[in-house]
Amino acid sequence: MTTLAPPLVVKVGGSLFDRVVPLLGIFQEVGRPVLIVPGGGKFADLVRRLAVSDTAGHWMAVAGMEQFGWYIASHGVPAVSGLTLPEEVTVLLPYCAMRESDPLPHSWNVTSDTIAAWVADELSTDLLLLKSVDGIHHHRKLVSRVEDSSLIADEVDPAFIRFAFEHGIRARIINGRHDDRVRRALRDEAVTGTLIDPRF
């Protein structure tokens, strides 16, 4: 009998809006319990263009994540608003949990990347970030492992790497447009991307 891998928090970036259906198929195929944290995507991009305060922008962007979450849920995935370990593929609607705890600064330095890291920290799970890039690059080269918490990377929000190191979160950033990479990452196998493992 195969032992199921432990639950995993997976952030599905807003840039993967067109990849929701195939990604959900891969999650179901692998069979690992996954809590999806939706990115903000086009919903958060709209907020960025508005002249609103940092606090208003923060909550509007979190509400944008929630809209993407409902879109994911519309494809037959259960939606939850509380922070609980998933027993199957589930999508988090983050607004209520974020409002209750208000754990992060209200700034564009914090986006769904760091929010997903906060969720992983709260649930004591690893984190997988699915984006439309191969991982973190430094001097135009793909970084296989981040070992410096002060690294500045355009591929994640400015608060993410430091947050991951401060909270001991093991995180991988991979390209969600490559089906095989997603499968391998869900199985904790070696895969092209960037690993952040402050516990190593």
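As a convention, each chain's residues are numbered from 1 in the sequence order in which they are written. Totals for whole chains, interfaces and linings use every residue, but because this is a predicted model, local features are given only for residues with pLDDT of at least 70 and side-chain atom pairs only at 80 or more, for both listing and counting. Side-chain measures here rest on the full set of heavy atoms in the structure, leaving out hydrogens and waters.

Go over the side chain of Lys131, please, and point to the residues and values.
Numbering goes from the N terminus for both helices and strands, where a helix is a DSSP run of H or I of at least four residues and a strand is a run of E of at least two. Within the secondary structure, Lys131 is located in strand 5 (residues 126-131). Owing to a relative accessible area of 11%, Lys131 belongs among the buried residues under this scheme. In the analysis that follows, any N or O atom pair within 3.5 Å is treated as a polar contact, provided that within protein one partner can donate a hydrogen and the other can accept it, and provided that, for residues neighboring in sequence, both atoms belong to side chains. Within the structure, the side chain of Lys131 is placed 3.0 Å from the backbone oxygen of Glu155, a separation counted as a polar contact. When sequence neighbours within four positions are dropped, the list of residues in contact with Lys131 reads Lys11, Ser15, Leu16, Asp113, Glu155, Val156, Ile173, Ile174, Asn175, Gly176 and Arg177. We call a residue buried when its accessible area falls under 20% of the maximum for its residue type, exposed when it is over 50%, and partly exposed in between, using a 1.4 Å probe and counting protein chains only. Any two residues whose heavy atoms approach within 4.5 Å are treated as being in contact.

Requested: an account of the environment of Ser53, with residues and values cited.
Along the polypeptide, Ser53 turns up in the loop between helix 2 (41-48) and helix 3 (54-73). Put simply, Ser53 and Phe43 are ten residues apart on the chain and 17 Å apart in space, counted from C-alpha to C-alpha.

Any chance you could break down helix 7 (residues 179-186) for me, citing the residues and the numbers?
Residues of helix 7 that are buried include every one of Arg181, Val182, Ala185 and Leu186, and no others. One side of helix 7 carries all its buried residues, which in axial view fall inside an arc of 130 degrees. Residues of helix 7 that are buried sit in contact with strand 1 (8-12), helix 1 (20-30), strand 2 (34-38), strand 5 and strand 9 (171-175). Arc definition: directions from the helix axis to the C-beta atoms.

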